[in-house]
Amino acid sequence: MLATMKNVTKRYGNQTVVNQLDLTVKSGEILGLLGPNGAGKSTTINMLCGLINADEGEVMLFEQKQHTKNLSTRHELGLVTQDITLFSGLNVVENLRYVGGLYGLRGAELNARVSDVLDFIELRDHRKKKPKQLSGGMQRRLNIGCALLHQPKLIIMDEPTVGIDPQSRNHILESVKKLAANGTTVIYTSHYMEEVEAVCDRIIIMDLGRIIAQGTVNELIKNTGNESTVILTAIAPSPALTRALEEVPGVRQVNMAGNKYTIISAANSGNISRITELAGQHGGFAGITEQARSLEDIFLTLTGKSLREGNGYA
Amino acid sequence: MRNFIWIFTHYVKKNFQDPANLLVIALPLVFIFAFQLLENYLFDFMEVESNFLYGMAIPMVLGFQFFCADLTAGWLHYDMKSPTRARLLVSPIAPKVFYMAVMAAGWLFSVFYGAIVVAITVVAFNIEWGNYAYVLVVLLALSFITQMSGVLIFRYTKDEKSSARMSYVFGEIMMGVAILPVLAANMTDLARPIQTILNHLPVSAGINVIANYNRLDSIAALLVWIAIFTAAAFIIGRQERQ
């Protein structure tokens, strides 16, 4: 195991942010960490990185106890933060050189690593530009490049694709796959389910400071496979229709976004006819489909929250 | 040590590359030039012979040292109270090494700037500074206190702007306090405890060392101030890290 957390608890005042967490990271895997805001993902990452200490339990990284004063683990660890952590007074190459120097790289070795990383993040043509002169996607790529200079064994990427164009996003996802192919372990957090599905070997879903499910996408779908998802497009959505749908036998959860209802119910409950009947009684419907379960559905079932939409969890 | 030198070099370059830092060299010279004009005016038109320029130039140069507190406070804000904090803290650099390197870079810059201003006042204004070894000792001591005060300002301000404001206020107070004994033409008119305090404040102690006035007493006062500011910066710095 590259990293383990055993019975880890972290509190801020009276609030328990991470609660008796057990987590393992296997060498060479891409591990997706999912959870709504406030699930404890960032706190977990911060403890793994040694930026904060756990109140209880044990955090082990590269077979060493991880804490804020353990600097020896830092040489093998790269963090891609959610915020852009670039030095605005320095250009692309200077940013890379300065950060490389913080990891002890000097001279020819530093020059070679800067050159490799420039190619990897495809910013060679922009190497003399300062961060402000780069697009959002380029800044994100440089942010990733700064975490790669010292060739860490473990890279933690905290929402590395926030607010960027699809082209840059694809570039970053491809980069993650390349890193993993070269033997680097990656922990990847994102609000975009399709990204996590596309790149991660294993997924951990957290809520309220605990792990509520983990496994591959297929395992997660299989383990929550006794449910089906019905998408109903109502002509006149209303609270009355929502209440009526919630009362249908077998229905476990109803979420409304605009005129679209996502209804999670027990599999093979045969209640689709009852749902169409109710929709007909409440102004009719434009369409109804029964969908295969996606990671988004599983997340919704497990946490009761959408990762990006509604309920203030975007 | 390699890490310290890497960060130290980075901030030395940044200090010397920032054109705003040239202000701390230019401003005291502008003031000294104005004092020279005033002295010339008093002599030419009112036939008053004054030692105004000499009396004001040394406190002015030493007092201006304290504006360099903004260097340290500013860089610490820029890098340690912004998202780059995570980048630095996740690196294998101990936070104390980072803080010490930033302070050392600020210290070097402020001593260098002080030496340049002293040299210009000698060449352009014929200011007599006495023994240059003592001048260097005073510059080293005052710039050290300045960097420690920069850490305190960083700790107690929420952003770069408020830090810059506080640094300027601090600089103005220190300069005001430096000039106060000069303005109080006859110190014996003041109550003895006030005289003692005024003569042992950082800048006035520095002036006394340069002017060969109670030199040992004044060097001791500077050492006490260094100890006070260093202890405060160390204690506050530890709180910040926790």
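Anyway, here's the lowdown on the structure attached to this text. Predicted model, so just to flag it, every value in this text is computed and none were measured.

A few points about the sheet that holds strand β9 (residues 202-207) of chain A
All names here are of chain A.
Right, so step 1: In space, the six strands of this open sheet follow the order β6-β7-β8-β3-β9-β10, with mixed pairing throughout. Either end of the sheet is taken by a strand with one partner, and the two such strands are β6 (77-80) and β10 (210-215). The mean inter-strand angle of the sheet, taken between neighbouring strand axes irrespective of direction, is 15 degrees.
Right, so step 2: In this sheet, β9 lies alongside strand β3 (residues 30-34) in parallel orientation, the contact comprising four bridges. Bridging from a neighbouring strand, L31 pairs with R202 of β9.
Right, so step 3: Sheet strands touched by helix α1 (residues 41-49): β3, β6, β7 (154-158), β8 (185-189) and β9. Its angle to β7, the strand with the most contacts, is close to 155 degrees.
Right, so step 4: Against the sheet, helix α10 (residues 295-303) touches β3, β9 and β10, its axis set at about 30 degrees to β9.

Quick word on the interface of chain B and chain A
Right, so step 1: The partner chain A presents 28 residues to the 21 residues of chain B that form the contact.
Right, so step 2: Both faces combined, the contact of chain B with chain A buries some 2,100 Å², and carbon together with sulfur accounts for 64% of it.
Right, so step 3: Counting across the interface, chain B meets chain A through zero salt bridges.
Right, so step 4: Mapped onto the side of chain B that touches chain A, the elements with two or more residues apiece are α1 (2-17), α4 (69-80) and α5 (84-89) of chain B.
Right, so step 5: By residue number, the principal contributor to the side of chain B that touches chain A is α1(B), which donates seven residues.

So, the side chain of A:T184
Residues and elements named next belong to chain A.
Right, so step 1: Take T184: it is sitting in the loop between α5 (166-181) and β8.
Right, so step 2: On the basis of relative accessibility, which here comes to 10%, the residue T184 falls in the buried class.
Right, so step 3: Once residues lying within four places of it in the same chain are set aside, the contact partners of T184 are G28, E29, P152, K153, I155 and L179.

Quick word on the packing of helix α2 (residues 23-46) of chain B against helix α6 (residues 95-125) of chain B
All names here are of chain B.
Right, so step 1: Where α2 meets α6, the closest approach of the two axes is 10 Å, and the angle between their N-to-C directions is 25 degrees. Between α2 and α6, the interaxial angle falls into the category roughly parallel. The handedness of the crossing between α2 and α6 is right-handed. Across the interface between the two elements, V24, I25, P28, L29, I32, F33 and Q36 of α2 pack against F109, Y113, I116, V117, I120, T121, A124 and F125 of α6.

Digging into the pairing of strand β1 (residues 3-12) of chain A
Successive residues of a regular strand alternate their side chains across the two faces of the sheet.
Residues and elements named next belong to chain A.
Right, so step 1: Note: β1 against strand β4 (residues 56-61), five bridges, orientation antiparallel. Paired with M5 across the two strands is V59, which belongs to β4.
Right, so step 2: With seven bridges joining them, β1 and strand β2 (residues 15-25) adopt antiparallel strand pairing. Of the residues in β2, the one forming a bridge with Y12 is Q15.
Right, so step 3: Counting the residues that bridge the hairpin from β1 to β2 gives two residues, and of these G13 lies at a positive phi of roughly 65 degrees.

As for unusual backbone geometry
Residue and element names in this part refer to chain A.
Right, so step 1: Even without glycine at this site, N7 takes up a positive phi of about 50 degrees.
Right, so step 2: Take N7: it is sitting in strand β1.
Right, so step 3: With a phi angle near 65 degrees, E63 is a residue other than glycine that sits in the positive phi range.
Right, so step 4: Position of E63 among the secondary structure elements: in the loop between β4 and β5 (64-65).

Concerning the packing of aromatic side chains
Residues and elements named next belong to chain B.
Right, so step 1: Counted according to the given criterion, the structure contains 15 aromatic pairs over all chains.
Right, so step 2: For the ring pair W107 and F144, a centre distance of 5.2 Å and an interplane angle of 75 degrees mean the geometry is edge-to-face. With W107 in helix α6 and F144 in helix α7 (residues 132-155), the pair connects residues that are 37 residues apart, well separated along the chain.
Right, so step 3: Note on F144: relative accessible area 22%, which makes it partly exposed.
Right, so step 4: One aromatic cluster in this structure is built from Y11, W75, Y78, F98, Y99 and F154.
Right, so step 5: In this arrangement the basic side chain of R155 is found over the ring face of Y156, its NZ or CZ atom lying 5.6 Å from the centre.

Digging into α5(A)
Residue and element names in this part refer to chain A.
Right, so step 1: In this model, α5 (16 residues) spans 22 Å end to end at C-alpha, consistent with the 22 Å of a helix rising 1.5 Å per residue.
Right, so step 2: Buried within α5 we find S168, R169, H171, I172, L173, S175, V176, L179 and A180.
Right, so step 3: Against β3, α3 (107-120), α4 (136-148), β7, β8 and α6 (193-199) lie the buried residues of α5.
Right, so step 4: Of the residues flanking the end of α5, it is G183, one or two places downstream, whose phi is positive at about 100 degrees.

A look at the state of the cysteines
Formally, a disulfide is one covalent bond, and it connects the sulfur atom of one cysteine to the sulfur atom of another.
All names here are of chain A.
Right, so step 1: For the structure shown, the criterion picks out zero disulfides over all chains.
Right, so step 2: C49 carries a free sulfur, and the closest cysteine sulfur to it, the one in C146, is 15 Å from it.
Right, so step 3: Assessed through its relative accessible area of 0%, C49 is described here as buried.
Right, so step 4: Between C200, a cysteine without a disulfide, and C49, which holds the nearest cysteine sulfur, the sulfur-to-sulfur distance is 16 Å.
Right, so step 5: Judged by relative accessible area, which is 10%, C200 ranks as buried.

So, a nonpolar patch on the surface
All names here are of chain B.
Right, so step 1: Nonpolar side chains collect at one region of the surface, where L38, Y41, F45 and M46 lie side by side and expose about 450 Å² of accessible area between them.
Right, so step 2: Checked against the element boundaries, F45 lands in helix α2.
Right, so step 3: Given a relative accessible area of 63%, F45 falls into the exposed group.

Digging into the pattern of salt bridges
Residue and element names in this part refer to chain A.
Right, so step 1: Under the defined criterion, the tally for this structure stands at nine salt bridges over all chains.
Right, so step 2: Across the pair D116 and R113 runs a salt bridge, and its minimum N-O distance is 3.6 Å. Residue D116 and its partner R113 are both found in helix α3; the two are separated by three residues, about one turn of the helix.
Right, so step 3: Of the charged contacts in the structure, one is a salt bridge between D119 and R124, with a shortest N-O distance of 2.8 Å.
Right, so step 4: Taking the relative accessible area as the measure of exposure, R124 reaches 31% and is therefore partly exposed.

Rules used in this analysis
Residues numbered from 1 in each chain as written. Chains lettered and ligands numbered in written order. Predicted model: local features only at pLDDT ≥ 70, side-chain atom pairs only at ≥ 80, totals over all residues. Heavy atoms only, no water. Pairing = 2+ DSSP bridges. Helix = DSSP H or I, 4+ residues; strand = E, 2+ residues; numbered from the N terminus. Axes fitted to C-alpha atoms, helices over the stretch in contact; angles between N-to-C directions. Contact = heavy atoms within 4.5 Å. Buried area = accessible area lost by both parts, 1.4 Å probe. Salt bridge = Lys/Arg side-chain N within 4 Å of Asp/Glu carboxyl O. Buried < 20%, exposed > 50% of the residue type's maximum accessible area, 1.4 Å probe, protein only. Parallel < 35°, antiparallel > 145°, perpendicular 65-115°, else oblique. Left-handed = near helix turned anticlockwise from the far one by under 90°. Phe/Tyr/Trp six-rings, centres within 6.5 Å; stacked < 30°, edge-to-face > 60°. Lys NZ or Arg CZ within 6 Å of the ring centre and 35° of its normal. Expected span 1.5 Å × (residues − 1). Disulfide = S-S within 2.5 Å. Patch = residues over 30% accessible without salt bridge, like charges linked within 9 Å, V, L, I, M, F, W, Y side chains within 5 Å. Areas by Shrake-Rupley, 256 points an atom, 1.4 Å probe, with all protein chains shown as cover.

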